[in-house]
6 protein chains.
Amino acid sequence: MRGFYIGRFQPFHDGHLHMVEEIAAEVDELVLGIGSAGDSHTTRNPFTAGERVMMVTKAVEDVDITTYVVPIEDLERNSVWVSHVQSMTPAFRIAYSNNPLVIRLFEEAGVEVRQSPMFRRDVLEGTELRERMIHDRDWQTLVPEAVVGVIEETGGVNRIRRIAETDTNDDSA
Amino acid sequence: MRGFYIGRFQPFHDGHLHMVEEIAAEVDELVLGIGSAGDSHTTRNPFTAGERVMMVTKAVEDVDITTYVVPIEDLERNSVWVSHVQSMTPAFRIAYSNNPLVIRLFEEAGVEVRQSPMFRRDVLEGTELRERMIHDRDWQTLVPEAVVGVIEETGGVNRIRRIAETDTNDDSA
Amino acid sequence: MRGFYIGRFQPFHDGHLHMVEEIAAEVDELVLGIGSAGDSHTTRNPFTAGERVMMVTKAVEDVDITTYVVPIEDLERNSVWVSHVQSMTPAFRIAYSNNPLVIRLFEEAGVEVRQSPMFRRDVLEGTELRERMIHDRDWQTLVPEAVVGVIEETGGVNRIRRIAETDTNDDSA
Amino acid sequence: MRGFYIGRFQPFHDGHLHMVEEIAAEVDELVLGIGSAGDSHTTRNPFTAGERVMMVTKAVEDVDITTYVVPIEDLERNSVWVSHVQSMTPAFRIAYSNNPLVIRLFEEAGVEVRQSPMFRRDVLEGTELRERMIHDRDWQTLVPEAVVGVIEETGGVNRIRRIAETDTNDDSA
Amino acid sequence: MRGFYIGRFQPFHDGHLHMVEEIAAEVDELVLGIGSAGDSHTTRNPFTAGERVMMVTKAVEDVDITTYVVPIEDLERNSVWVSHVQSMTPAFRIAYSNNPLVIRLFEEAGVEVRQSPMFRRDVLEGTELRERMIHDRDWQTLVPEAVVGVIEETGGVNRIRRIAETDTNDDSA
Amino acid sequence: MRGFYIGRFQPFHDGHLHMVEEIAAEVDELVLGIGSAGDSHTTRNPFTAGERVMMVTKAVEDVDITTYVVPIEDLERNSVWVSHVQSMTPAFRIAYSNNPLVIRLFEEAGVEVRQSPMFRRDVLEGTELRERMIHDRDWQTLVPEAVVGVIEETGGVNRIRRIAETDTNDDSA
């Protein structure tokens, strides 16, 4: 029995890892979907799909079951989103999410969804973590060690700080 | 002489029907365009194109002239929007709209546009109707009976309520 | 109980109409999907979606059940095609097709498919009809009268003849 | 040695022209990229790419070096934006920008970026100029004479005023 | 009075230049559209839009009227192609082409088209020129000198030779 | 030091596995890109990206280095293909390929490419394997055992046989 857990993982943090460990106790194999895979270089989505593939793969290396880490590009069309996800991933029977839209889409497609009180909290940590990177406050203790390594290797903190300066009124690009 | 009337019809309501009846008195055939056809499952665009095709077709069944109900997907490019509409619909000579952008685009393309004081009011009813569905207040008396049937058949009220819970800060999907 | 029948309808001809009449005896409502809706102005797909909407609507006017005529744009991705079709059309329970790919896609999605010996034959007539238009041989007796009217109104025969001259080695456009 | 300067140029104004003249002193040839080329007919992006090509070409006619004016359509994907720009333009060695995102993207791709105190100011003038057009205040003295000609030839002021009336809550289009 | 001449210009050769000179005698300004701008690195379309912008701009430098060189990305939809071209270019009154599809599309849009016996011949030279590059036969005497320079600067001959080896049965990319 | 090896893997077979083992001896980590990820349900590309992710992941489970298996959707634009690949994958220093186009694209982007006599042969086996599936000849001995399992779990052989019947002249879908 395979489970599916999707997040944007910008970045992958301890809340996500905790979630993965909980799900791992309920399923035989786990598919981790990296959402909005085409987005990067914004304050809300600083990291590329490739950087996130590396973060997640390394962070879950010690989880005992087979895991698949799959980037999922946005299609901008809710009505085909579930089909799109299913075509990009090994077949799964249960989807884990607390996002009401995701829950609704899977339910309309006849896929069982499980929720967890954990989801909401780690969501908030995503925004918080990016704020901490921008303002040079501690974020390293809130993510798996492997994630610190990836962010340092790719110059991620410099990137998010630079982008945060962008004046959206700006006439260029 | 064929006329064209476009709306997102989320959902199709009595204001729209009234409009259709007024236009029907001025034209031989009427093309009803369902705008933003690819959008669904959001609070602003809860219903799929297919659900809206069904609503509109059934609601105008008693109108005496030939009507065409055509979903129009967004192209995200204003400069080719009129050509796109024209390629998806039977040829028409007059477009009915009160939307300043739509009016401008048709005028630049040399298509005659007619306005009506009715348009503005029913617009407001679109937002109002969706709010009423979310908060379980009467909406059924503001739409044609056939539309009530379609929304009940497709579980539309449950859908819009569920989606309205979505926290847009959420890290998933 | 609603049925779904899809074709490119380039143009809609007597074989298609015959099919529609057969299906109409088995269902309560019928959805007619116009495939490859974005394609036009080629020898294989000479007519726009709007022209085909007009052909089909007029040709089936005398069929006794409620029919919906819906253009379906290509998504170039087989794995989400069924979801795309379902989002653009009123919900249906049975799909009618003899195309092996269409059959397979619907079957994998759990939709019942019915076939008919008629399908294959009228397919051949599509190519044949376009050839006849190009070479000025009789095609008018093979399509419903309403279709002759639409093709004449839109200058369809001149268009397909002109396009057939296009040298595909050509350096322009 | 070729330089690259990108802007949305909605419209091209004296600040931009001043910038071009400064850059022209540092390079042998200059590529002027017209950003968001597919956008038009909005209050933020009123002019089409073609109108902007005309504005810019005529405004820089007296600049002494060879200039290329190239519309660049958005790809909605920051990670491939530099490659996209490079494929659409003659090869350049230096990019001129004060936009932090643009700077970051070019730097990650190994392209030298130069900044100038001028950039920021003219940015602000873009929004200001469009406001002046909408409210019938003097804008003609802030743009090159050739740009006044283009905007008058294309009815640009009427367009932006009409579009500014659009109620974004509107149910149509 | 402005004219429009479109080609893929893979590469721009003496036949094209001759055409431009003929048209220049009939119009006040000339817009040169570079078709299939997004295509490159194939045997049929070896050069990027940017490389072709450079070829064309330099080759027509001595033509006496104002010229605009504008890359046009494909939209894969014939029915909106004319609108797309018009949005990307300064407004023009006459289109020059011998391609039957292009002629038909402009005519249906109400744009005057002029043909010339020259067009057909230079078309053939496009394929011929690329063959000569691949097989190391003289091509330099068939293109303007500026084009030789651009192709040498960008390593164009090596590129087309390498790509010509591609086995299309290949499992990669 | 990370390496990159891309294929369509329709399906992943012993030639691919052999390749992976050879590369594994030269690099610290290996990124396996699944090309044309959006394609499926055709005779040339029968399997979805998700099915191929499962095949490849299971087939390389015993390889001793860290491997990443990443689906890569086509962008239909050669000039940004390398950037697209790089944004979807962990950073790599060497690309392995025998495909002339892939080699050329990486070389123009400054990425080192290594070739191997193995590549060509296994390419041929891709077509051969699909033919064997269609005509019920032995294919199971030419792919890793894990791949046999995946193809059986997903009904892959029935799918490819069914699709192979598709008459491409067909008027539907």
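Keep in mind the model is a prediction, meaning the values are calculated, not measured.

**Quick notes on the interface of chain B and chain C**
At step 1: Residue-level contacts link 24 residues of chain B with 24 residues of chain C.
At step 2: Summed over both sides, the interface of chain B with chain C buries roughly 1800 Å², with 58% coming from carbon and sulfur.
At step 3: Sorting the residues of chain B by area buried against chain C places B:Tyr68, B:Glu73 and B:Met88 first, and these three jointly supply 28% of that buried surface.
At step 4: Where chain B touches chain C, the interface holds four salt bridges.
At step 5: Notably, a salt bridge pairs C:Glu153 with B:Arg2, separated by 3.7 Å at the nearest N-O pair.
At step 6: If you list the elements that add at least two residues to the side of chain B that touches chain C, you get α2 (49–59), β3 (66–71) and α3 (78–88) of chain B.
At step 7: The greatest single-element share of the side of chain B that touches chain C, amounting to six residues, is contributed by α2(B).
At step 8: A per-class count over the side of chain B that touches chain C returns ten nonpolar, eight polar and six charged.

**What to know about the relation of the copies chain B and chain C**
At step 1: Its rotation angle being 180 degrees, the transformation that places chain B on chain C also includes 0.0 Å of axial translation and leaves an RMSD of 0.0 Å. With respect to symmetry, the two chain copies, as superposed, fit the operation of a two-fold axis. Taking C-alpha positions as the reference, the residue of chain B nearest the rotation axis is B:Val70, at 3.2 Å.
At step 2: Of the interface residues in chain B, 100% have counterparts in chain C that sit at the interface too, so the contact is made through matching surfaces.

**Details of unusual backbone geometry**
At step 1: For the bond from C:Gln10 to C:Pro11, the omega torsion is -5 degrees, close enough to zero to count as cis.
At step 2: Within the secondary structure, C:Pro11 sits in the loop between β1 (2–7) and α1 (14–24).
At step 3: Phi at B:Asp136 is positive, roughly 60 degrees, even though this residue is not glycine.
At step 4: Here B:Asp136 is to be found in the loop between α5 (117–134) and α6 (145–153).
At step 5: Overall, the relative accessible area of 60% leaves B:Asp136 in the exposed class.
At step 6: We note that E:Phe9 has phi near 50 degrees; this positive angle belongs to a residue other than glycine.
At step 7: If you trace the backbone, E:Phe9 turns up in the loop between β1 (2–7) and α1 (14–24).

**Here's the deal with the sheet that holds strand β4 (residues 94–96) of chain C**
At step 1: The five strands are arranged β3-β2-β1-β4-β5 (chain C) in an open sheet whose pairing can be described as parallel. Of all strands in the sheet, those bounded by a partner on one side alone are β3 (66–71) and β5 (112–114) of chain C. Along the sheet, successive strands turn relative to each other by an average axial angle of 25 degrees, direction set aside.
At step 2: Here β1(C) runs beside strand β2 (residues 29–34) of chain C; their pairing, made up of six bridges, is parallel. Among the inter-strand pairings, C:Phe4 is bridged to a residue of β2(C), identified as C:Val31.
At step 3: Each of β1, β2 and β3 of chain C touches α2(B); the most contacted strand, β3(C), lies at about 135 degrees to it.

**Looking at the packing of aromatic side chains**
Each aromatic ring pair is specified by the distance between its two centres and by the angle formed by the two planes.
Residue and element names in this part refer to chain A.
At step 1: Considering all chains together, one arrives at 36 aromatic pairs over all chains under this definition.
At step 2: Centroid distance Phe 4 to Phe 92: 4.6 Å. Interplanar angle 15 degrees. Geometry classified as stacked. On the criterion of sequence distance, the pair formed by Phe 4 in strand β1 (residues 2–7) and Phe 92 in the loop between α3 (78–88) and β4 (94–96) is long-range, its members being 88 residues apart.
At step 3: What makes Phe 4 buried here is its relative accessible area of 1%.
At step 4: According to the relative accessible area criterion, Phe 92 is buried, its value standing at 12%.
At step 5: Both rings, one in Phe 9 and one in Phe 12, keep their centres 5.2 Å apart while their planes meet at 65 degrees; by these two values the pair is edge-to-face.
At step 6: On the basis of relative accessibility, which here comes to 1%, the residue Phe 9 falls in the buried class.
At step 7: Members of the aromatic cluster, joined through ring pairs, are Phe 4, Trp 81, Phe 92 and Phe 106.

**Some thoughts on the interface of chain F and chain A**
At step 1: Between chain F and chain A, the residue contacts involve 24 residues of the former and 24 residues of the latter.
At step 2: A combined buried area of about 1800 Å² lies between chain F and chain A, and 58% of that area is made up of carbon and sulfur atoms.
At step 3: When the buried area of chain F at its contact with chain A is split by residue, F:Tyr68, F:Glu73 and F:Met88 rank highest and sum to 27% of it.
At step 4: For the interface between chain F and chain A, the tally reads four salt bridges.
At step 5: For the pair chain F and chain A, the interface holds nine residue pairs in polar contact (both at pLDDT 80 or more).
At step 6: If you tally residues by element for the side of chain F that touches chain A, the top one is helix α2 (residues 49–59) of chain F, at six residues.
At step 7: Split by residue class, the side of chain F that touches chain A holds ten nonpolar, eight polar and six charged.

**Here's the deal with the pattern of salt bridges**
At step 1: This structure, assessed with the given rule, holds 87 salt bridges over all chains.
At step 2: A salt bridge links A:Arg159 to D:Glu108, with the shortest nitrogen-to-oxygen separation between them at 2.7 Å. With A:Arg159 in helix α7 (residues 156–164) and D:Glu108 in helix α4 (residues 100–108), the pair connects residues from two separate chains.
At step 3: With a relative accessible area of 2%, A:Arg159 lands in the buried category.
At step 4: According to the relative accessible area criterion, D:Glu108 is partly exposed, its value standing at 36%.
At step 5: The partner of F:Glu26 in a salt bridge is F:Arg114, and the shortest N-O contact between them spans 2.6 Å. Note that F:Glu26 is positioned in the loop between α1 (14–24) and β2 (29–34) and F:Arg114 in strand β5 (residues 112–114), a separation of 88 residues in sequence.
At step 6: Assessed through its relative accessible area of 42%, F:Glu26 is described here as partly exposed.
At step 7: The class of F:Arg114 is partly exposed, set by a relative accessible area of 26%.
At step 8: Within this structure, A:Arg2, A:Glu29, F:Lys58 and F:Glu153 form a network of salt bridges that share partners.

The rules we used
Residues numbered from 1 in each chain as written. Chains lettered and ligands numbered in written order. Predicted model: local features only at pLDDT ≥ 70, side-chain atom pairs only at ≥ 80, totals over all residues. Heavy atoms only, no water. Contact = heavy atoms within 4.5 Å. Buried area = accessible area lost by both parts, 1.4 Å probe. Salt bridge = Lys/Arg side-chain N within 4 Å of Asp/Glu carboxyl O. Helix = DSSP H or I, 4+ residues; strand = E, 2+ residues; numbered from the N terminus. Nonpolar A, V, L, I, M, F, W, Y, C, P; charged D, E, K, R; others polar. Least-squares fit on C-alpha atoms with pLDDT ≥ 70 in both. Buried < 20%, exposed > 50% of the residue type's maximum accessible area, 1.4 Å probe, protein only. Pairing = 2+ DSSP bridges. Axes fitted to C-alpha atoms, helices over the stretch in contact; angles between N-to-C directions. Phe/Tyr/Trp six-rings, centres within 6.5 Å; stacked < 30°, edge-to-face > 60°. Polar contact = N/O pair within 3.5 Å; in protein donor to acceptor, adjacent residues only side chain to side chain.

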